[in-house]
Number of protein chains: 4
Amino acid sequence: MIFFRSDYSQGAHPKILDALIATNLEHTDGYALDPHSESAAQMIKDLIGRADCEVHMMVGGTPTNVITIAAALKPWEAVVATRAAHIYSHECGAVEATGHRVLTVDGVDGKLTPELIDNAWLEYEDDHTVVPKMAYISHTTESGTVYTKAELEALRKCCDAHDMYLGLDGARLGAGLTCEDTDLTIQDIARLTDAFYIGGTKNGLLLGEAVVIFDENINDHYRWMIKQNCGMLAKGRLIGVQFEALLEGGENSLFFQIGAHENAMAKKLREGIAACGYEFDGTSTTNQIFPIFPTEMVRELEKEFFFYDWAAAGEGKRVIRLVTSWGTTEEDVDAFLNALKKF
Amino acid sequence: MIFFRSDYSQGAHPKILDALIATNLEHTDGYALDPHSESAAQMIKDLIGRADCEVHMMVGGTPTNVITIAAALKPWEAVVATRAAHIYSHECGAVEATGHRVLTVDGVDGKLTPELIDNAWLEYEDDHTVVPKMAYISHTTESGTVYTKAELEALRKCCDAHDMYLGLDGARLGAGLTCEDTDLTIQDIARLTDAFYIGGTKNGLLLGEAVVIFDENINDHYRWMIKQNCGMLAKGRLIGVQFEALLEGGENSLFFQIGAHENAMAKKLREGIAACGYEFDGTSTTNQIFPIFPTEMVRELEKEFFFYDWAAAGEGKRVIRLVTSWGTTEEDVDAFLNALKKF
Amino acid sequence: MIFFRSDYSQGAHPKILDALIATNLEHTDGYALDPHSESAAQMIKDLIGRADCEVHMMVGGTPTNVITIAAALKPWEAVVATRAAHIYSHECGAVEATGHRVLTVDGVDGKLTPELIDNAWLEYEDDHTVVPKMAYISHTTESGTVYTKAELEALRKCCDAHDMYLGLDGARLGAGLTCEDTDLTIQDIARLTDAFYIGGTKNGLLLGEAVVIFDENINDHYRWMIKQNCGMLAKGRLIGVQFEALLEGGENSLFFQIGAHENAMAKKLREGIAACGYEFDGTSTTNQIFPIFPTEMVRELEKEFFFYDWAAAGEGKRVIRLVTSWGTTEEDVDAFLNALKKF
Amino acid sequence: MIFFRSDYSQGAHPKILDALIATNLEHTDGYALDPHSESAAQMIKDLIGRADCEVHMMVGGTPTNVITIAAALKPWEAVVATRAAHIYSHECGAVEATGHRVLTVDGVDGKLTPELIDNAWLEYEDDHTVVPKMAYISHTTESGTVYTKAELEALRKCCDAHDMYLGLDGARLGAGLTCEDTDLTIQDIARLTDAFYIGGTKNGLLLGEAVVIFDENINDHYRWMIKQNCGMLAKGRLIGVQFEALLEGGENSLFFQIGAHENAMAKKLREGIAACGYEFDGTSTTNQIFPIFPTEMVRELEKEFFFYDWAAAGEGKRVIRLVTSWGTTEEDVDAFLNALKKF
């Protein structure tokens, strides 16, 4: 069975694992109060070129989203996101469990837009309605698309006009920053958001994300929020050690290499599938692609390949999701493309 | 200034107030553990013809909705409602504050349908998604429309198929049960829902609603839920005393008389407005109507009448909401219709 | 049956009821956005001699406590109170339901002290522990005792030293301010607390309390908090109308008269009981007293009088609670004292 | 610097790390839906000799406690624990953040007793009070003590009498089960509790605990609770792989070996310290010990050793906490004992 199921089906990239092995016997203080976590945080500050922020080593994507949103919002405030956003569609109501509404709008090619944020405000009236206080986007989006610099600047401007925070879920930030058609840099993201995170789990780590927060309200007692929301790791340095290895070299680091590899493998898949005459749902240029196949063909492919049977696509057709990862090989891709030729 | 603002702009119907005056000096135990609250509960059981339920005297509509939903749902479960439903649109995120998602769908003429509930289930996958466990409707709806018996039976069937509860917000149940084109009785509602409430605040009481619950899971420790969610009144008998007066006489009681009066006043308004050539948003036949007027005309009317400037209705036009109440008089209606003739 | 069960066993004081009757047919806007609620708020500002506060008409004591505490605290913050405090002992976990710990200490004669607050801080360490951010007291306490001016000043000083809010539950403030041995005025309370409320339900109203908040963080979107926590009344003016009648005349108003009457009736009871040779639990000088009787005697008294069988008091003895109210008469008291003579 | 700070200051035991290395390149499904997690669960069922339970791979101790308690309790229910219990003292109000009170009692030598549970019930009255529904203990306790079989049986009996769940925090279960004076087996714990967990983080894993749940109410949708409370790991197999390695061999597995090693190192420390004439706080026979030293001596020791300066112990003395771990060596212990000889 060849896996295109997700970007988290294997363990860590070998260089990451090596870092864990190399540091395994060190004694450090717990709860991310250790030199590796500090060093990783500093590397991130250096990479984005800003010192006026806090960086925390986080255990996973959902805790990072939930804790950041809960830290940002007062009880009567809501977060605006697309209906497909991970925080709405795949976190089992975790944001609502902290008491806050995820105010949904239907995204455009997976993205939030200023117009959609304005629409969310149409529901606002007075003390009978929640206050939309944060817009939350993903980069790449859940559809594999990416924001352009102009789009992110427009969102920032819209958020400023509404006195809203802008948060960014970077679970697949590595792929987002390295896709061929993007003009958005991590420095731009640092400039334009109030909080974002650098995804590790889907970019070669065993586990872990690094959240970067610029706003002082969100930063206030953030570690208390981590602990209270079940997100603090006793051996917290594990995340720090991995991020050190991931980010060593800055712009040339493994972080960007893995993103580029994922995208390259996905591109090869995408072009091969297109060459066979199949279409796609959406316009992803990153490591998630959504080809459309006849249902019977999907059933055949499932015998050899493990992927996500995503959605119906009209009579007798299905959209499937193929995801590439740090460990996806040319051979994996060739196997899939060869399989297509049987049909 | 003549008020068509809401059905709660005056105090209590005089007969209700008389009951409070008559019982004022009685000593009873607190927290609705008194003979009046018990008697009112029994009158409701008699009216609906069922003894297999619990009836609680509640302080208001939002607490009744919130407590019933929170009592019904486990942490990972959600309630399905239209985007216009009061629990989503006008309770300041109170349901989410108890940790549960309000899973919204766009209603049809203000109503939820089995198809919409099925659509809500399309978002469900597995342990990454909340479980839609309750459908929650209003009768009358927030648009003033009413469910037919067939529609409510279809919702019940759909809920059964999905193993869902069906709850009904009866803030305006009096108007709903007495509108000229309804075939739905309070006995039907008692037969087809797991919980519903009889609205008092918008039907002549100073305050108070009576919730009727058939499901044993929802009933479990319901009074603890009332207390924990700030809904328990020390002088709880106030609600019981008022409901005794409201429901005295059963099918011929003040409860139905007030509903019928509200609808009659609204019908006179509606027909008078239509006779002047204006149109309406939606098809309400109850005590909320939504005429469409030129914006300038709305601005003029606001000088004499207090109503809700509801929404835009295309270029240069506004939808307004007019609501009639137990205290609305023929003179109030005539004044509004006469005012129309100036334009 | 003669009631010494609580201060909320009857309806409203006749003058309060008259005010409701007199205003019943007025039309006003809902949700406490009406002239009566505004006027009552202004009367309170005048009474305490401060304009730099917000005053809200609240539906009951538990919602007032819960909403004020939840408005004050961030997710990682806790409220410190005695184990007997109403917010811990009789609100069914309502504060915890908003996500906050009630950090309890054992009170001294019902009261919180600076030493006890310091003790609460001993539990604090770092990001693994909640931050005690608010001290919450009752005046009168649940034991019927009152704080002296010096005691309240010491609590204020202690709270300042710890950067804590000081909140005061004034469910029985009327009795507290009018008891014979107090040196604490409502102006003192306004000067020394960040938020307090004037209890109406236990002081002659049908229902309702008025909360006064000085701190801008607690005031921020307080009405949104009221709505979200089920505490907003549609016919909100009911509370305003009653407080107008209660506070008319300021220092000579019905509010103080009722408190004084309650205390006078309790004093007569207390002295009569003491004259019969019985002792008391605690040192209450207000409208709740806690005599100790042989258990058999308590069982006899229960046949004629309705009171709270409070706690065991050693072998064969019980503490009971007797509460006087606006409607308690000399005859009620005499009947009880006469009953004692039978034993 | 030699670490006696905690049992989580190093990475994984080498055999655990080897297992991660060996499986690193495998592709599996995420979220603990993989063969390793299944196999580890089965090994646990075999070890305890019961199949009628669910076993989940958990990311850490706090999430395990919080999710299990939140899964067990309805909104009006509380968990009873000692004031020193981790869920009260070191989880930053995480249980309360899910809406539930931690009802505290003062433990006896770190332990909960039937009498203390009975005392907790004294606070219960009616619908104004939360219902104590679960007792939650730690084994070893936060004081390093262990329950005897008779004590645990008595707690079970008490919980049955009160219709309460009994949950057990096994963060240090390995040390608890292997200490020299215990008569309690893991099979006993499985027989006497409704839920318990086998701690991995403090017993040689990088991270992870395995929770075992017997009660069907707690098991209901437990994975949804994990996800909603931020406890689901994308590469969930990491926990499974580690537990396979930890439990290989059952009663002779690394799990018990590590516990025994920790206790042996602690015993050597304890006996050495006692031989120097110092006393201890409490009666721990496991891997946390609490010697009492003069304050000045503590300040000196801190220069070479990293430990927890625990509490004051009378004039001029401090209790410190020394913790041994899988990686603690005889040399570490000797170094400490030699250092004592300087004083």
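Because the structure is predicted, anything quoted here is derived from the model rather than measured.

If you tally the helices and strands in chain A, you get 15 helices and 13 strands. The C-alpha atoms of chain A give a radius of gyration of 20 Å, which matches the 20 Å a tight globule of 343 residues would have. Summarising its shape, the C-alpha atoms of chain A cover approximately 60 × 55 × 35 Å along the three principal directions. Looking at the 343 residues of chain A, the share that counts as buried comes to 66%. At a minimum sequence separation of 6, the contacts of chain A that also span at least 24 residues come to 71%.

Attention shifts here to the sheet that holds strand 4 (residues 102-105) of chain C. Residue and element names in this part refer to chain C. On the basis of which strands lie adjacent, the open sheet formed by seven strands has the order 2-8-7-6-5-3-4 and mixed pairing. The strands lining the two open edges of the sheet, one partner per strand, are strand 2 (54-58) and strand 4. Across this sheet, the average inter-strand angle for adjacent strands is 25°, counted without regard to direction. Direction of pairing for strand 5 (residues 131-138) relative to strand 6 (residues 165-169): parallel, over a ladder of five bridges. Looking at strand 6, one finds that Met 134 is bridged to Tyr 165. Across the sheet, helix 12 (residues 237-247) touches strand 2, strand 7 (195-199) and strand 8 (209-213), and the angle it forms with strand 2 is around 110°.

Take the relation of the copies chain A and chain B next. It takes a turn of 180° to lay chain A on chain B, together with a shift of 0.0 Å along the axis; the resulting RMSD is 0.0 Å. Both copies are brought into coincidence by an operation consistent with a two-fold rotation axis. In this assembly, 100% of the residues forming the interface of chain A have copies in chain B that are likewise at the interface, indicating an isologous arrangement.

This paragraph deals with the relation of the copies chain D and chain A. With an RMSD of 0.0 Å, the fit of chain D onto chain A corresponds to turning through 180° and sliding 0.0 Å along the axis. Here 100% of the contact residues of chain D are again contact residues in chain A; the copies associate through an equivalent surface.

The subject of this paragraph is the domain arrangement of chain A. Residues and elements named next belong to chain A. On domain assignment, one finds that chain A holds domain 1 (2-7 + 257-341) and domain 2 (14-252). Facing the 20 residues of domain 1 at the interface are 23 residues of domain 2. Taken over both partners, the interface formed by domain 1 and domain 2 buries close to 1600 Å², and the fraction arising from carbon and sulfur atoms is 43%. The tally of links between domain 1 and domain 2 comes to three salt bridges. Of the charged contacts, one joins Arg 172 and Asp 7 as a salt bridge, the two residues approaching to 2.7 Å between their closest N and O atoms. Viewed at the interface, domain 2 and domain 1 are joined by twelve residue pairs in polar contact (both at pLDDT 80 or more). Its residues placed into classes, the side of domain 1 that touches domain 2 shows five nonpolar, ten polar and five charged.

Taken as a whole and assessed by the stated rule, the structure comprises 92 salt bridges over all chains. The partner of Arg 156 of chain C in a salt bridge is Asp 194 of chain C, with the nearest N and O atoms 3.0 Å apart. Here Arg 156 of chain C, found in helix 7 (residues 149-161), pairs with Asp 194 of chain C, found in the loop between helix 9 (186-192) and strand 7; they are 38 residues apart in sequence, far enough to count as distant. Taken as a pair, Arg 156 of chain C and Asp 194 of chain C share a single burial class, namely buried. Of the charged contacts in the structure, one is a salt bridge between Asp 334 of chain D and Lys 268 of chain D, with a shortest N-O distance of 3.3 Å. You can see Asp 334 of chain D sitting in helix 15 (residues 330-340) and its partner Lys 268 of chain D sitting in helix 13 (residues 254-275), a full 66 residues away along the chain. Overall, Asp 334 of chain D belongs to the partly exposed group, its relative accessible area being 31%. In the salt-bridge network here, residues are joined through shared partners; they are Lys 149, Glu 153, Asp 188 and Arg 191 of chain A.

The next point concerns the UniProt feature "domain: Aromatic amino acid beta-eliminating lyase/threonine aldolase" (unreviewed entry) in chain A. Mapped onto the present numbering, the UniProt feature "domain: Aromatic amino acid beta-eliminating lyase/threonine aldolase" (unreviewed entry) falls at residues 4-289 of chain A. End-to-end, the C-alpha atoms of residues 4-289 of chain A are 10 Å apart, and along that stretch the chain is 42% helix and 14% strand.

Moving on to the interface of chain A and chain B. If you look at the interface, chain A gives 23 residues, while chain B gives 23 residues. Here chain A and chain B share an interface that buries about 1900 Å² over both sides, 41% of which is from carbon and sulfur atoms. Across the chain A-chain B interface, the total number found is four salt bridges. Close ionic contact of Arg 83 of chain B with Glu 123 of chain A constitutes a salt bridge, the shortest N to O distance being 2.6 Å. Remark: the boundary between chain A and chain B carries 18 residue pairs in polar contact (both at pLDDT 80 or more). Counting residues per element, the side of chain A that touches chain B draws most heavily on helix 4 (residues 86-89) of chain A, at three residues. Its residues assigned to classes, the side of chain A that touches chain B comprises eight nonpolar, eight polar and seven charged.

Our next topic: helix 1 (residues 14-23) of chain A. If you check which residues of helix 1 of chain A are buried, you get Ile 16, Leu 17, Ala 19, Leu 20 and Thr 23 of chain A. Take helix 1 of chain A and look down its axis: the buried residues cluster within an arc of 155°, on one side only. Exposed side of helix 1 of chain A, more than 90 degrees from the buried face: Lys 15 and Ala 22 of chain A are the residues found there. Where helix 1 of chain A is buried, its residues touch helix 2 (35-48), helix 12 (237-247) and helix 13 (254-275) of chain A together with helix 1 (14-23) of chain D.

Contacts between chain D and chain A engage 46 residues on the former and 46 residues on the latter. For the pair chain D and chain A, the summed buried area comes to about 4100 Å², and 60% of that belongs to carbon and sulfur atoms. A per-residue breakdown of the area chain D buries against chain A is headed by His 27, Cys 230 and Lys 235 of chain D, which together make up 18% of the total. In this structure, the connection of chain D to chain A is made through two salt bridges. Residues Asp 29 of chain A and Arg 5 of chain D are paired through a salt bridge, measuring 3.7 Å at the closest nitrogen-oxygen approach. Here chain D and chain A share 28 residue pairs in polar contact (both at pLDDT 80 or more) between them. For the side of chain D that touches chain A, the secondary structure elements donating two or more residues are helix 1, helix 3 (61-72), helix 5 (94-97), helix 11 (222-228) and helix 12 (237-247) of chain D. Residues of the side of chain D that touches chain A, tallied by class, amount to 23 nonpolar, 15 polar and eight charged.

Cut-offs and rules
- Residues numbered from 1 in each chain as written.
- Chains lettered and ligands numbered in written order.
- Predicted model: local features only at pLDDT ≥ 70, side-chain atom pairs only at ≥ 80, totals over all residues.
- Heavy atoms only, no water.
- Helix = DSSP H or I, 4+ residues; strand = E, 2+ residues; numbered from the N terminus.
- Rg over C-alpha atoms; globule rule 2.2 N^0.38 Å.
- Buried < 20%, exposed > 50% of the residue type's maximum accessible area, 1.4 Å probe, protein only.
- Contact = heavy atoms within 4.5 Å.
- Pairing = 2+ DSSP bridges.
- Axes fitted to C-alpha atoms, helices over the stretch in contact; angles between N-to-C directions.
- Least-squares fit on C-alpha atoms with pLDDT ≥ 70 in both.
- Domains from an automatic or database assignment.
- Buried area = accessible area lost by both parts, 1.4 Å probe.
- Salt bridge = Lys/Arg side-chain N within 4 Å of Asp/Glu carboxyl O.
- Polar contact = N/O pair within 3.5 Å; in protein donor to acceptor, adjacent residues only side chain to side chain.
- Nonpolar A, V, L, I, M, F, W, Y, C, P; charged D, E, K, R; others polar.
- UniProt positions renumbered as here; feature names shortened; annotations may be inferred.
- Arc of directions from axis to C-beta.

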